[in-house]
Each structure stands twice: as C-alpha cells, then as structure tokens.
Number of protein chains: 4
Amino acid sequence: MAYSTEKLSEEKVFKDPVHRYIHVRDRVIWDLVGTKEFQRLRRIKQLGTTFLTFHGAEHSRFNHSLGVYEIVRRIIDDVFAGRPEWNDEDRLLTLCAALLHDLGHGPFSHSFEKVFDFDHEDFTRAIILGDTEVNKVLSKAGKDFPEKVAEVIAKTSEKKLVVSLISSQIDADRMDYLQRDAYFTGVSYGQFDMERILRVMRPREDQVVIKKSGMHAVEDYIMSRYQMYWQVYFHPVSRSAEVLLSKILHRAKDLFERNYTFKNKPVHFYSFFNNQAKLEDYLKLDEAVILYYFQIWQEEEDAILSDLCRRFVNRNLFKYAEFDPAKEYKKLAQLTKLFIQADLDPEYYLVVDSSSDLPYDFYRPGEEGERLPIHLLMKNGELRELSRESEIVDAISGKRRTDHKLYYPADFLFDDTENKEIKQQIRALLEI
Amino acid sequence: MAYSTEKLSEEKVFKDPVHRYIHVRDRVIWDLVGTKEFQRLRRIKQLGTTFLTFHGAEHSRFNHSLGVYEIVRRIIDDVFAGRPEWNDEDRLLTLCAALLHDLGHGPFSHSFEKVFDFDHEDFTRAIILGDTEVNKVLSKAGKDFPEKVAEVIAKTSEKKLVVSLISSQIDADRMDYLQRDAYFTGVSYGQFDMERILRVMRPREDQVVIKKSGMHAVEDYIMSRYQMYWQVYFHPVSRSAEVLLSKILHRAKDLFERNYTFKNKPVHFYSFFNNQAKLEDYLKLDEAVILYYFQIWQEEEDAILSDLCRRFVNRNLFKYAEFDPAKEYKKLAQLTKLFIQADLDPEYYLVVDSSSDLPYDFYRPGEEGERLPIHLLMKNGELRELSRESEIVDAISGKRRTDHKLYYPADFLFDDTENKEIKQQIRALLEI
Amino acid sequence: MAYSTEKLSEEKVFKDPVHRYIHVRDRVIWDLVGTKEFQRLRRIKQLGTTFLTFHGAEHSRFNHSLGVYEIVRRIIDDVFAGRPEWNDEDRLLTLCAALLHDLGHGPFSHSFEKVFDFDHEDFTRAIILGDTEVNKVLSKAGKDFPEKVAEVIAKTSEKKLVVSLISSQIDADRMDYLQRDAYFTGVSYGQFDMERILRVMRPREDQVVIKKSGMHAVEDYIMSRYQMYWQVYFHPVSRSAEVLLSKILHRAKDLFERNYTFKNKPVHFYSFFNNQAKLEDYLKLDEAVILYYFQIWQEEEDAILSDLCRRFVNRNLFKYAEFDPAKEYKKLAQLTKLFIQADLDPEYYLVVDSSSDLPYDFYRPGEEGERLPIHLLMKNGELRELSRESEIVDAISGKRRTDHKLYYPADFLFDDTENKEIKQQIRALLEI
Amino acid sequence: MAYSTEKLSEEKVFKDPVHRYIHVRDRVIWDLVGTKEFQRLRRIKQLGTTFLTFHGAEHSRFNHSLGVYEIVRRIIDDVFAGRPEWNDEDRLLTLCAALLHDLGHGPFSHSFEKVFDFDHEDFTRAIILGDTEVNKVLSKAGKDFPEKVAEVIAKTSEKKLVVSLISSQIDADRMDYLQRDAYFTGVSYGQFDMERILRVMRPREDQVVIKKSGMHAVEDYIMSRYQMYWQVYFHPVSRSAEVLLSKILHRAKDLFERNYTFKNKPVHFYSFFNNQAKLEDYLKLDEAVILYYFQIWQEEEDAILSDLCRRFVNRNLFKYAEFDPAKEYKKLAQLTKLFIQADLDPEYYLVVDSSSDLPYDFYRPGEEGERLPIHLLMKNGELRELSRESEIVDAISGKRRTDHKLYYPADFLFDDTENKEIKQQIRALLEI
C-alpha cells in the first residue's frame, strides 16, 4: 500500500478537553505528530503571556494544532465525503496543512518576530521544506508533497477550497482557537455551536460556503470572535505583560549591539541579534530557553534589563492609563520629558500600545489586508455575502475598533525617595 | 485597622476555569499571591510529565493553589461562618495555609526529590520561615503567624480541625486537584458534586465531618479519586516519561560524581549534586531551567545522557510490559544480563516502576501511614466512620492496589544493526 | 419572631439543573412554594407548544419561577447586602414578587389569552389578592403585603429599584428564561456569564445599574436574547403549532356560539366561551385539562375541530411559506378564494402569522411600549445608557425585526382525490 | 429503491440536549417518528412522578426513545460498520427496535400496570403487530419485519447480538436514561464517558463485548447506575408520590367494583376496571387524561379518593419513616390497629414501600431474573466476565440492596381535633 494512503492497524486517539477525542487513522498524520519539530510546539504557549492575566491559559500550540487537524478531519470525513464538489485526493493535503499550519511559531511569537524582524511563516515553510523530520515524512508521501503543503499554509496554493478550510474568516484555525482559548481561560464568550457550523459547510470550487440555515450559528461565532478579542486577546493586563516581554528582548538586543558584556553569554540569541538566524538556531529556541535567560538576566548589571526581567518573572507588571493619540500627543511629549528628568528611560518605561481589530469584513478588492468574505448558500443555490443577510453582522462589518493604552511602572512613580517633585508632576498628568 | 483583618477596598477576582471565579477580599491573601515565591509556582506544572500523555495537562501549581484557597474560603465563609463549633479567628490561618500548602514544590517534584534525596515539605517550611517575601507578608499579620501557618501545613499544629480542611482523606487539596486535573486532561472521571459536599461539611473539634445526607456525594468523590489515580496519575505512559526524567537526573548526578566535564556547566545543579542545596538555590530552579538543561544536554558527549534527554525533549518514550516481581524475578535477571551483552546499560534502559494506591482507609492506629478516616455525622449527633455506612466504600476500603511495569527502549531493541541475536533473545523474552 | 422574618431551622434546597441548587431560608418563601396555586404552575409548560419543535422543552413555569426567585436571592444576599443604596426591608417583597411573577399564567397562555381576550396579569393580581392559599401566606407576613407584591409585579409600585430587578431589559426573569430555555431545548445560544453580570449589578434609587467593567457580559446577554428569540421562540415550526392551538380554541368557541352540540360537554370552557371566567374557573384549568379536551375533540363530528385536534395531538402540523404582506396581499386574496373553492375554510387553513422583536431599546419617552434602558455605571460615578458605550448594542438598538409566514395544510393540498385542479393552482401559487 | 433502504434526500436532525443532535437518514425511521403511536410518547413522562421531587424531571419517553435510537445508530454506523462480526442487514432491525422499545408504556406505567395487572410489554407487541400506523410503516419495510422487531424487543429473537444492544447490563437503553435523567434532574451522578464506551464496543455472535482498555469507563458507568438508582429513582420522596398515585388508582378501582357513583363517569378507565382493556382503549390513555381525572376526582364525594387526589395534585405528600420488616412487623400491626381506631383506613394511609436493586450481576444460570453479564475482550482475544477483572465491580457484584419505608399522612396525624389520644400513640410509635 502507498504510504500516503496507509492506515494504522487500529485508530489512535488523543484525549482532548475541547473536542473530547482527536482521532488519527492515517499513518502520515501519526508520524508527523511524532516528529521533533511538531513536539517542539509543546514548549510554546498558544497565548504567549496571557497566562499572567488568565491563569488557566497555559496551553500550548501543540494542543491547538491537533485541534485544527481534528476539525478539518471531521469536515472532510463527516460532511464533505462523497459530495461531488469535493475531491477526496485533497484529503491528506488538507489534514497535513491543518496539523502543521503553526509549525513555524517561535516562543512568544508576536513580540519576538517584531523585535527581531522576521515572519514565522517563513520558518514554517523552512521547516516543511528543509532538512527536518517533518520533511522526511511528507516527502515519503510524495515528492512534491512538502511543497504542496507549504503552499496551502502560505495561501499561495491554487487549491482555494483547501486554503479556505485553514485560512479564511471562518476556518478550522479560528474555530479551534476560540473554543480552546475560552476553555483554558475559563471565559464563556468563546462558545458557539461548532457542530452546527460543520454540518452546514459545503464545498465550492473557490471556498467553503455555509448553508443559509446555519446563518445564526455563524453570527454567534462572529460575536464570539469579537468578544474573545476584546475580553481576552486584547486584555489590557495581557498587553502589559507583552510590553514587558518586548522591551526585554529589545533591551538585550540593544545591549548586544552596544557590546555590553553579559554575565552569562546569551548564545541562543546571537544569531537573532545579528539578524542571521538559521533554521537550526530557530528550532533550538522555545519558551523554556527564553525563560531561562530571563531568570539569569535578573542578575545582570544593566539596571534596565535586570529590572524588566524581574518584573516579568515575578509578574510585577506596568500599570496603564487610557490614551488618545489624537488628543493627548502633547501630554505624551510632556511625560516623556519628565520621565527623562526622573531618570526613567521612556523607551522602556513609558510605552504606548495599540490594539485594533476588524471583527468581520466583506470583500474590498485591492485593499490592503483584503479578506475573503463568508458566503451563504441560499436555497435556490445562489451565494450571498454574509453581511447582506445578517443584520448583526452588517452592523459590525468593516468597522475597525482600536484601543490605545499608555503603560508605566506605577511602583517607581510612587517611590518618592528620589525625584519626588518630578514624580508628583508625572502622577498628576497621569491622574494617578 | 490591623493588617491581619484589612480588607481590599473592592473584592478582586481571578477567572478560573474550574471554580469560575476565585474571590479575594483579604489584603494578606492578595499580598501573598503577589510574592515572587508564590508566582514561582506558575513555572511548575501541577502534573509534572503527565502532559506528555494527556496534552491538556499543562496547568501549573499556581492554578491549583488558588483553587485550594477558594474551596477553603467557601467552606469557611459560606458554611462554617456563625457555627459555634467554628472559631472565626482561625479563618486567616486556614486561608493562608491553603494557599501556601504547595509552596515548597520544585520542578518535577516527585523524581527530583527522590534522586536528590530531600522532601519538598522542608522547603515549604523554609520559604515560610526564611528571608522571603512570603515571610514578610505573614510576619506583618502577626509575629508568630508564619510559624502557625507552617505548623498547619506540616500537620503538627494543635488545630486539628484546621489541619483536616487541608490534609485529610476529604480535604480542599484533593477536591481541587481531582476536579482541576480532570478539567485539564479532559477526562470525565474527576467530576463529583463538590457543592453538595461543601454544604454538608460540619466543623467538629478534631476534624471536619460530613452530614449523613451527603454520604452518596462522598462515595462519588472517592470513586473519582480512585479512577483519577489509575486513569491519569498512574497511566503507564506518564510513568514512562517519569522514568526517563528520573534517569536523566540520575545520570547527570552520576557523571558529576565521576568528574565528567559538561560542555556547559550545570551551575544550577551543583548544590543538589553536592547535597548542599540552600533555599536560595532551590528558589532559582523551575521547570524552564530544568528543560533548558535537558535541551543543551542533548549535545553532551555522554551517550546515555544525550540519548535520554533527546528522548524526553522529543517525546520518544520507553515502551512497557507487564511485570510480576513475585513470578518473574528470574526473567528480570536474565534480561539484565542480555542488556549488558547488548551494550545497553540496564541501570538506565531496563527499569521496573511500581505504583500503588489505597483509595480510602479506615483508622489503623499505630500503623505506618495511618490516615484519619472520614466521619459521618448521623441525625442523632453520633459520628460513624464512613466505611461502616457505605457498602461501596467498605468494598474498597483498606485494599491496596499495586501495579508493576517494566520499561525499555523498543526502538533500540528493534535496531538490528548490532547485537542482532542478543536483541532477538531480549525481544522473545519481552514477547514483543 | 415575626412570621415575615422567620427562618427555617435548616436551609432547604431544590436541585435545579440550571442554577444547580435553589436555596430557601425564609419561611414565607417555603410556604408560598407549598400553596396549591404555585404548585399549579407545574402543569403549565414554560414554552407552550415549543416542545413540538425542540423535544427537550417540556419544562414548566414552576421551574422558571423558582429560578427567577433564586437569581433575585443571589443579587440581594450576595451583591446588594450591606450597600447603603439597598434597603434590606425590601428583601422579602422582592423575593415574593420574583417567585410569584408568573402566577397568573394559564395553559398555553399566549394563544389562550388572545382567543378569550383577557390578560394573565389580571389573574396574577386576582390570585395574590383573592381568597387563595397564596394570599393567606402573604397576608400573614403583613396586612398590606399582598397588595405590595401585586404592585411590584404590575410595575405600578413606587419601589422602582425592586420593579427593575424583576421587569426591565436586564432582569432576573429574562436571565432565568434565556438560560433555562437554552438548557432544555439544548441550543447553545442562551448561554452568557450570569455570574459576572450579577457581580457588577449595583442598586440605584430608580433601577439596578451595571458597572462599566461588566459591559461585555451584558452585550453577550443581549446577543443571547436576540438569538433565542429568532432561533427558538419564533421558530417557524413552533409558530405552526401555536397557529393550530389558537385555531382549535377559536373553532371551539365559534361552535359554542353557534349552539353546536358537543359529544362531551366542555364544561371547563363554558365561562371562557361566555367571557365570564372567574378566578375559581381559571385555577381549574391547566394543560392536562386542555389536552384532555383536545384528545376527546378528535372524535367530534365537526370536521374542522376534529381535524385540528388530530393534527395537534399527533403533531401533524401546517407547513409554511415566506410571506411579504406589502407585496403579496393580492396573492393572499387569490389564495383565499381558491381555498374556499377547494372547500378548505381559509379562516382555519390559511393563516398569516407575524413575529416581531426589538432586541434592545434606548428610552423613547411617551412612545408606546416605552422601555427602561440599561444604564452603565462609569468609573467616575456617572450613568451612561448602554448603546452609547457599546458599538454592538448600538448597531442593533431600536431596530425592530419582523417576520411573516403563511401557514397551510400541505397534506390536504396534495390530496388530489377532490378539487384536483384548484389544488394545483394553489400549489402553483405557493410554489410547492 | 426498496422502502427498507430508502434514504431521505437530506439528513434530518433533532436538537437534543443530551446527545446534541439526533440524526435521521432512513425513511423508515423518519416515518416511524411521525406515527401517532410514537408521538403519544410525548405525553408520558420518562420518570413518572419524579418531577415532584426533582422539578426538572419533566421530560417524556419520546425524548428517551430518540436517544436510545441515536446511541444504537452511532454504535452501528461509527463503530460496527465494516467489521466482519457485524451483519449490516440487521441495521434497520436494530434501529427500529431501539426507537420502539418503550412504545407500549402507558401513563405512570409502574403503578398503573401493578394496579390493573398487565405488562406494558404486551402492549408494545400489540402496537407493533396490530392495526396501527407503526405497523403500517414496519410492514412496508418487509412482511415479517414487524414480527422481527417485536421479537427483538421481547428478547425472544435469535439475534442475540441485536438484543444485547437494547437489553443487557450495558445497553443503549440504560446509557441513554442514565445520562438523560441526570441531565433533566440536574444531578451529576449520571455522567460517564459514553463516547469512550461506544468506541470500545465490539460485536460478537452472542452479545456486544467491551475491549479491556475500556474497563474503567464501564466501572464508572456501573457506579453511575448505582448512584442514580439510590439518589434519584428510589428517592424516598418520589416513592411517596408513587405510593399516592398507586393508592388513587386502587381506590378508584375499588369504588367502581363497589358500584360507587362517580360524579363524572370515568369512561377512560372502564375497560381497565373490568380487566378488558383493548389496544384502542390503551392508546387513548396518556398522562393528560389521568391528570384530568385526578383533577375532577378532587370533587368526588368519597373522602378517600378526593383526599388522595388533592394530595397528588397539590403535592401534599405522605411523610415516611424507616421500616425494618424483620424487626418491626409487630409495630406495623399495632399501627394498623391504631389507624383503624383513628378512622384512617390503613389500606390507604399506612403504606410500606420497598425498593431493591442489584447494581450488577454475573451469570447465575437458571436463577430467576438471570442476567447476561458484561464481558471484556482481552488483548489475546479471550472473553472475561467483568467482575473478575474489576475490583470495584467485584465488590458490589451480586449484592442486592433493599430499602423499606413506611408512608403516612403526617398532617392528619398532627390534627388533634379528633382522636387526639390515639394519634398521640401513633406519633409516639412513629417517633414523630
């Protein structure tokens, strides 16, 4: 039997708190889960620093990746199988792309990529196509197979239907993370009737569409997404932890560039500091390694680095104030000046963070970030864009919401042993 | 107002997936949660290596500690408050002991303590009484207060009722971990009607007792405990990961004692290798640090250490066979000999692991591990030991169940490039 | 001790699937639950005919009434107690009004009241003030007490805060029924974080307000309400059963007025047919009695009555088509003519049903159906109307949505044994 | 296409709170659900009078029957399909038997059958084989098909595997009702991991067996069953309602036999009073009809009948005392005498009720009530009886537990307006 169609002698299951069980029958999938590149995802948290706000959110990307796979498997095996619009030859391709879509994520991805200026999607591609265990498994299933999987994940594949199952405004990725993040944080907002949505999904040439009768379940899903963004993902305290993380990496890089002598050499970071990170370097990184450095950097002589690390490790976060850039840019300038006078480097201790989200968008061809809209399949066979049918979705469609906050170390500002008067001025400006 | 009775201006809550919300009103509790020793528990998993079997089980001891606190708070504030048998002066003492009862746990406690021969309870005591942030907070609440808290946790306190809330056969510790571990692993076994049990708890001088009308809820709790032990805690695959972990630590210590030169000096381990670990050394350890070493040890020259670390990091675990020591000791000896011939050190590659549990026990005074039985409060005011009233509990009471398994590296045994014949003999003996 | 403040010697609990337990401590509440007028609510379904669409929805108003009581109890005892804005003397009044707010509901209220032209709220008042067991209990708690309870339920009480707990756009009534109806139907839409909402409720002189920090939980509640209306309460199949029910009652009344001779005299209906129903008559009615008549009316000689009853009892419902009155009024007239030609009385067999809902409204003083808006309590102590702060609520605020359907007996229309050609014309018009 | 294999053009679903969705693809199943005999099950409560103890337990046998069907469907379609031991020709037979297994249940079956001395299983058979809509549908699927279905339900079929899916110590019937009754009552005891059990079920010639790896899930199921029996089904208050119900029927029959003149003729009961009930009479009965009579019988002149009916309708139940027949038979005789002296007919007002259960039994061939044990399928292919492998099951296996209670009208006994002294003696004996 060809490796690509080989089945395990007996179905294997993973116990999963969100989907109850994750079922694996395909040899290729089983082998991929066993690769060290996939196992590495166990050491990368799904929600980065969010566990410092919601203590339950300690789950890893390994969890989530299995979940996305399982949702796609159910769509294919339970809903699409046998439908003429679905080509079952794409089954394995879709399952592999689902399982591996987050493979290139690094530790605390968001901040890490920003500070060191790269895109984890490049590493996803590199892992799939490079000299890795994952590549070996995929190549065994077909010479071009790794390239095909990479294209689906990169959204450059011609198989638009397959792409839409994994990356669209209603895809398996989102459906898993909303439910999973809700489960582990303990908030109730992420719940929606996924089983219903799966049952009304229909394959079309270009994308997956939703039978009209499932519209309300989709509305509920979009509201869940909206709530999860503002209640969990953009929670101001989580963003505070993210600010700290980002500033630590920033400071370490800065010190390195200024030839500062670290007590313990941060060898795992060198290639990132130099902008020359190779796949091999990247794969050695995980959150344990990062946290190890944060731990030992608490004892560095550089006051800023050691302070920021102590804050992160012991969860002594910055506080925040509302900030309206359009109206308060002068106040920010003033605060900046005062922070310098108070001997607090504003680069690290006075930080504006902005979050912005578009809960759903219809199609705006040619515009940046153009998004494929959700289409409803009407009884007469026509397709209608969701916001034309749903009042609720129409009401929020295309409306970007943005929130700005100003982060600062309250404990320092209340410590009047030095620069008392300046700090009083700062506090007055911040109204604290 | 005295610090020990000071309330926060507004109640604080933590969102918790198991208890929905954890409520904090007391300044002392709030301050304890903020100490770095307590925050350290975020970096120690509640179930050690179990996440390699149940991928959801990535939750920390920080989670669990808050949960135990919350259960005790509900018992005191919602059930005991106002009852003449309960002395409300013990409230803060009980809450602090609940919150801090696991404070001394280190990374992967179980194996770590066994290999380096110490007891985490000594470190709990050391943290509470030593030069720590936790001690500062407790001391502020009363000069003798740290000592009192330590005594409750150590079960040496005269306040037996308080002790029984935290350590007995039906205590807040167990009630939290059964539910929490069930939630995060996704198994259904850990569920029982805790709300019912809390409502029927009554304070008595020596211990908390249970109103007879709640007996069935207690039966259900004991069955949950039984199932969780055998389905989750003693799962043979988790034990396989634990075997690996223990053997890595063992090997590293052994190499150190034989003056092996590590590529990277394992400075965090020195005091443990030397049996001279101080509180300061201990507090620097967490699972990130341990995992960091396992990562870099993959590149050590010692073949055993690097192999074991690679196995752990990439989840390439040992397989297992049933093993009956009473009948198969000769087979074990024979296998040992063959492993040596096959160049596989049996110390590291042929491991017997035994698990044993006593789901519930009545009182056996004077015997080792004597346990306080659960008492039912009958309508007429008498107390009756649980197993005298419950047929189910009686059926399993005092019956120790033990399970032995033999762990070995199946991949090595099937690699016939060397020692082919010996390996064939081994496989024949293991029936694989 | 005064009866109005008397406590039970031990708290009583009801096991409730929605709130887990319902707690009763007050003697008055316990005695009210035991009255025969309150027990009668067990024989009236919460959702009338909805069980014919969602088979789980067989729960009674007894369930719901206890639920509303429990929510109010938690607000008062866990959140309001001790706050200066809350007058604890209103506690019993609020609890009683919550428990009894639906007391006057009759069997299949909605249709029953419309056909026989009365308002169940008048009967609620009559039960509370009349010669009933409920009145006896309330009077024992205070001479004016029944009147006060009746005023709160009728929303004529001066105690606006108390009224708003039971009747407003975010009251205990709605919070219970959304969750309860979701639980019993099995849909997921009705879930929202009630515990969070309760915790952020604050008493103000005129109404209960919501702390700003709980706004997202309120948004979620409003979306739940929206979804439950359109997914469950206005489900076209449930409305079909309601159409049938209404037409049965209508037909029976009509026959009575035309001096038709019933095989079994419908004595329980006489006073309703005559528009002279007294409290005593009303209390004898419940859904068992109604269903009994529907059963025996299956054997009446009147073809319409017996047909409609057989349809209801055996769930052989009318089918439906979309209907737009503005555009299709001519089609309706044409169908009416054809139905008459086909010997199908359009009064009973061609029915337009309209449903309409306003998910949330801000204040429109003076307008019909004016509704008290939800107010958010800002950090600075100001109150802001919800839709001014919430984009989502703003988007749907004040927007009435209406749906019309045309109901008809498809089986008759496809039975071509008689009037074949006319039926073909009807089917062509209905596009079936 | 043959009717027996005809599929609906599109799968239909019922929303179900326990199994989320119930899926119907087969035309035969869809048609059976639509028959009036099956719809009748909506008017019969699954748990009879239990709703008077657990107010949520208002669900009907219609619910449960769909649930049993769905479980069997999943076993066949998701687990058995394709296995050589399973003959897919039995699929429709099994589904129909599952759906219809409770078809012959009447209103408040348990008491009704005892008083009028018949077995609902005879009516199940009569409905399936008689002149009914159900029979028409089944006959269309095959001439002998109704007989085959009836044999499976009656356990006389030669297809033992099919029988065991519906009636054994671990069948779809029990798995549905434990979960469903737990859901609607709100107790947590009925939960077990059904998905796990279904996945480890394997077809064997004579019965369904369970793979050894699923043993713990089965243990949990047996404990759930044990707890549901004693916590819910045998709850002393539910039994009190059942005693009342039974005594009402008993009294009515007795009055009829003594030629008592009822104010309203109980025509629906005549054939039962005469022991001549035909299928036609039986099908006209449901709980609405029974409750209608209980309502109007409140106004009968016979003091006992009207009193018992008032008690039932208004939930004014008998109280109970523990009773040990072996030790207290003399006390019972004494009480009987005193009741007569106090003018309380002991036949109706002093009732011993006994409940007895055997949570699991191994095979005792030839003994009365012999039960097929659960067999585990070991790795080597052998079968082992469950209690030989499971310590917990062994501990409770074959142990019958019995409970006796003595029911009496406490309100009468405390009403000292008449027979004061005798009542005092009674109360002294009852220790109330």
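Thresholds applied
Residues numbered from 1 in each chain as written. Chains lettered and ligands numbered in written order. Predicted model: local features only at pLDDT ≥ 70, side-chain atom pairs only at ≥ 80, totals over all residues. Helix = DSSP H or I, 4+ residues; strand = E, 2+ residues; numbered from the N terminus. Rg over C-alpha atoms; globule rule 2.2 N^0.38 Å. Buried ≥ 20, exposed ≤ 12 C-beta atoms within 10 Å, placed from the backbone. Contact = placed C-beta atoms within 7 Å. Nonpolar A, V, L, I, M, F, W, Y, C, P; charged D, E, K, R; others polar. Pairing = 2+ DSSP bridges. Axes fitted to C-alpha atoms, helices over the stretch in contact; angles between N-to-C directions. Domains from an automatic or database assignment. Least-squares fit on C-alpha atoms with pLDDT ≥ 70 in both. UniProt positions renumbered as here; feature names shortened; annotations may be inferred. pLDDT = per-residue confidence, 0-100. Parallel < 35°, antiparallel > 145°, perpendicular 65-115°, else oblique. Left-handed = near helix turned anticlockwise from the far one by under 90°.

**Side note on the overall build of chain A**
Along its length, chain A carries 23 helices and nine strands. Taking 432 residues into account, the globule formula puts the C-alpha radius of gyration at 22 Å, and chain A, at 24 Å, falls close to it. Going through the 432 residues of chain A one by one, you find that 51% of them count as buried. Taking all contacts inside chain A whose residues are at least 6 apart in sequence as the whole, residues at least 24 apart take part in 67%.

**Digging into the interface of chain B and chain A**
You'll often see interface size given as the accessible area lost when the parts meet. Listed as interface residues are 29 residues of chain B and, on the opposing side, 29 residues of chain A. Taken together, the elements giving at least two residues each to the side of chain B that touches chain A come down to strand 1 (7-16), helix 2 (36-39), helix 3 (61-80), helix 10 (172-185) and helix 16 (287-297) of chain B. With five residues, the single largest contributor to the side of chain B that touches chain A is helix 16 of chain B. Taken together, the residues of the side of chain B that touches chain A sort by class into twelve nonpolar, ten polar and seven charged.

**What to know about the sheet that holds strand 8 (residues 383-385) of chain B**
All names here are of chain B. With respect to topology, four strands assemble into an open sheet ordered 3-4-7-8, the strand pairing being mixed. The sheet terminates laterally at strand 3 (201-203) and strand 8, the two strands that pair on one side only. In this sheet, neighbouring strand axes are inclined to one another by 45 degrees on average, regardless of whether the strands run parallel or antiparallel. Two strands pair when backbone bridges link them, and strand 3 and strand 4 (residues 208-211) are joined in this way by three bridges, in the antiparallel orientation. Across the sheet, the residue bridging to R202 is V209, located in strand 4.

**A short note on the domain arrangement of chain A**
Residue and element names in this part refer to chain A. Each assigned domain of chain A is listed with its residue range as follows: domain 1 (3-233) and domain 2 (236-355 + 404-430). In this structure, domain 1 and domain 2 have C-alpha centres spaced 33 Å apart. Contact with domain 1, which involves 23 residues of that partner, is made by 19 residues of domain 2. When residues of the side of domain 1 that touches domain 2 are traced back to their parent elements, those giving at least two are helix 5 (109-116) and helix 6 (120-129). Considering every element that reaches the side of domain 1 that touches domain 2, the biggest residue donor is helix 5, with six residues. Of the residues belonging to the side of domain 1 that touches domain 2, the class tally is ten nonpolar, eight polar and five charged.

**Section: the relation of the copies chain B and chain A**
The transformation that overlays chain B on chain A combines an axial shift of 0.0 Å with a rotation of 180 degrees, and the residual RMSD is 0.0 Å. Expressed as a symmetry operation, the mapping of one chain copy onto the other fits a two-fold axis. Nearest to the rotation axis, the C-alpha of A288 of chain B is located 2.1 Å from it, this being the minimum over chain B.

**Let's talk about the sheet that holds strand 8 (residues 383-385) of chain C**
Residue and element names in this part refer to chain C. Taken together, the four strands give an open sheet; going across it, the order is 3-4-7-8, and neighbouring strands pair in mixed fashion. Bordering the open sheet on either side are strand 3 (201-203) and strand 8, each of which pairs with just one other strand. Mean inter-strand twist for the sheet, computed between neighbouring axes without regard to direction, equals 45 degrees. Of the pairings in the sheet, the one linking strand 7 (residues 375-377) to strand 8 comprises three bridges and is antiparallel in character.

**Overview of helix 4 (residues 91-100) of chain A**
Spacing of three or four residues puts side chains on the same side of an α-helix, whose turn is 3.6 residues. Helix 4 of chain A sits mainly inside the fold: ten of its ten residues count as buried. Among all positions of helix 4 of chain A, only R91, L92, L93, T94, L95, C96, A97, A98, L99 and L100 of chain A are buried.

**Examining helix 16 (residues 287-297) of chain A**
Most of helix 16 of chain A sits inside the fold, with nine of its eleven residues counted as buried. Taken together, the buried positions of helix 16 of chain A are occupied by A288, V289, I290, L291, Y292, Y293, F294, Q295 and W297 of chain A. In this structure, the buried side of helix 16 of chain A is in contact with helix 13 (236-257) and helix 17 (303-313) of chain A together with helix 15 (279-284) and helix 16 of chain B.

**Remarks on the UniProt feature "domain: HD" (unreviewed entry) in chain A**
The UniProt entry lists residues 61-178 of chain A under the feature "domain: HD" (unreviewed entry), expressed in the numbering used here. Between the C-alpha atoms that bound residues 61-178 of chain A the distance is 13 Å, and the span itself is 69% helix and 0% strand.

**Structural notes on the pairing of strand 2 (residues 20-26) of chain B**
A regular strand places its side chains on the two faces of the sheet in alternate fashion. Residues and elements named next belong to chain B. Relative to strand 2, strand 1 is paired through six bridges, and the arrangement is antiparallel. Paired with K7 across the strands is D26, a residue of strand 2. Here strand 1 folds back onto strand 2 in antiparallel fashion, the turn holding three residues.

**Regarding the confidence of the model for chain A**
With 98% of its residues at a pLDDT of 70 or more, chain A shows a mean pLDDT of 94. Note on the complex model: pTM 0.93, ipTM 0.95.

**Observations concerning the packing of helix 3 (residues 61-80) of chain D against helix 4 (residues 91-100) of chain D**
Residue and element names in this part refer to chain D. With their axes 7 Å apart at the nearest point, helix 3 and helix 4 run at an angle of 155 degrees to one another. The orientation of helix 3 relative to helix 4 falls into the category roughly antiparallel. In the crossing of helix 3 with helix 4, the sense of the turn from one axis to the other is right-handed. Contact residues: S65, V68, Y69, V72, R73 and I76 in helix 3; R91, T94, L95, A98 and L99 in helix 4. In terms of residue class, the contact of helix 3 with helix 4 is built from seven nonpolar, two polar and two charged.

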